[in-house]
Amino acid sequence: MSRVHAQWVPFKPFSDALGEPMPMASMSTASKCERCSTPLWKSVVRDSPILLCSCGFDPVDLKEILHESPDQIAKRVAMIRRYLKWAEKSRGSRDAFGFEGSPFFWDHTESSGNDRKPWWKPGAPAVSLLVRHTVASFQASCVDGELTRIARDISETKEFFIELPTSIASSMRSVSSAVASQFPEDAFSARERVLLGLEQHSGAATERARMPIVLLPAFTVTTRAFFDGRILSMKAQMIIREISEAICREDCEPERMYGLLVALERIVCRAYAEAVNISLTRVVSRSNPSPIGKLWSPAVIVRYKREKTFLRFLWMREKVNHENP
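Some words on the overall build of the protein
- Scanning the protein from terminus to terminus reveals ten helices and seven strands.
- Sorting the 325 residues of the protein into buried and exposed places 36% on the buried side.
- Contacts in the protein between residues at least 24 apart in sequence constitute 59% of all its contacts with a sequence separation of at least 6.
- Summed over all atoms, the accessible surface of the protein reaches about 20400 Å², with 55% contributed by carbon and sulfur.

Some words on the nonpolar core
- Counting 58 residues, the largest nonpolar core has Phe-188, Leu-232, Ile-240, Ile-243 and Leu-280 as the members making the most contacts within it.
- If you list the elements that add at least two residues to this core, you get β2 (129-137), α5 (145-156), β3 (161-164), α6 (166-180), α9 (234-247), α10 (254-285), β6 (294-305) and β7 (308-318).
- Apart from residues lying up to four places away in sequence, Leu-280 is in contact with Val-179, Ala-180, Phe-183, Phe-188, Leu-196, Ile-213 and Leu-216.
- The next biggest cluster of nonpolar side chains, apart from the first, holds six residues, and it includes Phe-99, Leu-129, Ile-301 and Leu-314.

Comments concerning the sheet that holds strand β5 (residues 224-228)
- The sheet built from three strands is open, its strands ordered β3-β5-β4 with antiparallel pairing. Bordering the open sheet on either side are β3 and β4 (219-221), each of which pairs with just one other strand. On average, adjacent strands in this sheet sit at an angle of 35 degrees to one another, irrespective of strand direction.
- Inspection of the sheet shows β4 paired to β5 by three bridges, in the antiparallel sense. Considered in β5, the bridge of Phe-219 is made with Phe-226.

Notes on the packing of α9 against α10
- With their axes 10 Å apart at the nearest point, α9 and α10 run at an angle of 165 degrees to one another. On the basis of their axis angle, the class for α9 and α10 is roughly antiparallel. For the element pair α9 and α10, the recorded crossing hand is left-handed. Where α9 approaches α10, its residues Ala-236, Ile-239, Ile-240, Ile-243, Ser-244, Ala-246 and Ile-247 are matched on the opposing element by Met-257, Leu-260, Leu-261, Ala-263, Leu-264, Ile-267, Val-268 and Ala-271.
- Of the residues contributing to the contact of α9 with α10, the split by class is 14 nonpolar, one polar and no charged.

With respect to the confidence of the model for the protein
- Of all residues in the protein, 74% have pLDDT values of 70 or greater, and the mean over the chain is 78.
- Contacts for the low-pLDDT stretch residues 1-22, under 50 throughout, to residues beyond four places or in other chains number 26 contacts.
- Contacts from residues 110-126, a stretch scored under 50 in pLDDT, to residues over four places away or in other chains number 17 contacts.

Observations regarding the pairing of β5
- The element β5 is largely enclosed, with a buried count of four among its five residues.
- As defined by bridge partners, β3 adjoins β5 across four bridges and the pair is classed as antiparallel. Directly across from Phe-161, in β5, lies its bridge partner Asp-228.
- Where β4 hands over to β5, the hairpin turn is made up of two residues, of which Thr-222 adopts a positive phi near 55 degrees.

Here's the deal with unusual backbone geometry
- One non-glycine residue, Phe-160, adopts positive backbone phi at about 65 degrees.
- When you line up the elements, Phe-160 lands in the loop between α5 and β3.
- Owing to a relative accessible area of 0%, Phe-160 belongs among the buried residues under this scheme.
- Its identity as a non-glycine residue notwithstanding, Thr-222 has a phi of 55 degrees, on the positive side.
- If you trace the backbone, Thr-222 turns up in the loop between β4 and β5.

Observations concerning the packing of aromatic side chains
- Throughout the structure, instances matching the rule amount to six aromatic pairs.
- Plain terms: the ring middles of Phe-161 and Phe-219 are 6.1 Å apart, the flat faces sit at 40 degrees to each other, and that makes the pair tilted. Here Phe-161 is found in strand β3, whereas its partner Phe-219 is found in strand β4, with 58 residues between them in sequence.
- Phe-161 gets classed as partly exposed once you look at its relative accessible area, which sits at 41%.
- The structure contains a cluster of three or more aromatic residues connected by ring pairs, namely Phe-161, Phe-219 and Phe-226.
- Above the face of the Trp-315 ring, Arg-270 is positioned so that its terminal group lies 5.8 Å from the ring centre.
- Across from the ring centre of Phe-310, 4.5 Å away, lies the NZ or CZ of Arg-303, which sits over that ring.

Digging into the pattern of salt bridges
- The tally for this structure, following the rule as stated, stands at nine salt bridges.
- Close ionic contact of Asp-153 with Arg-149 constitutes a salt bridge, the shortest N to O distance being 3.3 Å. Highlighted residues: Asp-153 and Arg-149, both in helix α5, separated by four residues, approximately one helical turn.
- We classify Asp-153 as partly exposed; its relative accessible area is 38%.
- Each member of the salt-bridge network shares a partner with another, and the members are Glu-146, Arg-149, Asp-153, Glu-163 and Arg-224.

The rules behind these values
Residues numbered from 1 in each chain as written. Predicted model: local features only at pLDDT ≥ 70, side-chain atom pairs only at ≥ 80, totals over all residues. Heavy atoms only, no water. Helix = DSSP H or I, 4+ residues; strand = E, 2+ residues; numbered from the N terminus. Buried < 20%, exposed > 50% of the residue type's maximum accessible area, 1.4 Å probe, protein only. Contact = heavy atoms within 4.5 Å. Areas by Shrake-Rupley, 256 points an atom, 1.4 Å probe, with all protein chains shown as cover. Core = buried A, V, L, I, M, F, W, Y, C linked by side-chain atoms within 4.5 Å. Pairing = 2+ DSSP bridges. Axes fitted to C-alpha atoms, helices over the stretch in contact; angles between N-to-C directions. Parallel < 35°, antiparallel > 145°, perpendicular 65-115°, else oblique. Left-handed = near helix turned anticlockwise from the far one by under 90°. Nonpolar A, V, L, I, M, F, W, Y, C, P; charged D, E, K, R; others polar. pLDDT = per-residue confidence, 0-100. Phe/Tyr/Trp six-rings, centres within 6.5 Å; stacked < 30°, edge-to-face > 60°. Lys NZ or Arg CZ within 6 Å of the ring centre and 35° of its normal. Salt bridge = Lys/Arg side-chain N within 4 Å of Asp/Glu carboxyl O.

Shown next, in the form of structure tokens:
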């Protein structure tokens, strides 16, 4: 509840019975603490409720302002306690990533897939946010010591040249072929088409594989997959690190670990799709893409219930510097 000045003077009428204007009554406001005379403005610069003096005197009595009976206050207190108990239990079965410093995301955590614009901007569905929901059933075979080791390496890496779980590397191959198939058939050489997962084509713009395209896909060494994650946006890298740190926590149970693995896969693949599209456009057209909004800033809420994981992904559109995303 917002606090106002401590002293309040009732409103005085503007005219008397004869209709003659009357001067407004002077409305004085308290500027100093009644107990120690400390200026009240000092309470604003401190991390404390406004008007609460450093001596402990508080001129605002919230219970008195509400004009509620003791029974109503008791009911409210009981309701708050029930909520806090539920919230504490609920937070133990949820993880949230990517919300730090982004109040925009918190405003949309209850958004539906049709995310409408705010009430003060009526009209078409909003294009600033994309929400996707996923339900994943626990698969014990995907959770092992290798996953923990890879997650620990990702969370500690500085250059973001990372090793990927096999399931994510496989999904990324499908992503690269889907994005590359949107370009003309003769835009890539035979070697590039193999790297991008495309079918062979007789015509080709060049015989040799260009290095920017060679470095795009993840590559395999024996049974391990590696990926130059530096092509991803810095925000995507940040959330990938956060999820990886959560996976390798000692108290992370297998069901929770699998849910985080699914979240990691979805974040990596969508961020990778955007990066591949920008890189291929730059190479094929020899120019930078137009600076249009991109789904670049991710966030995810992961909720666990028995052997199922419920995931809500949020992607916010924002302007991107294609030279240094």
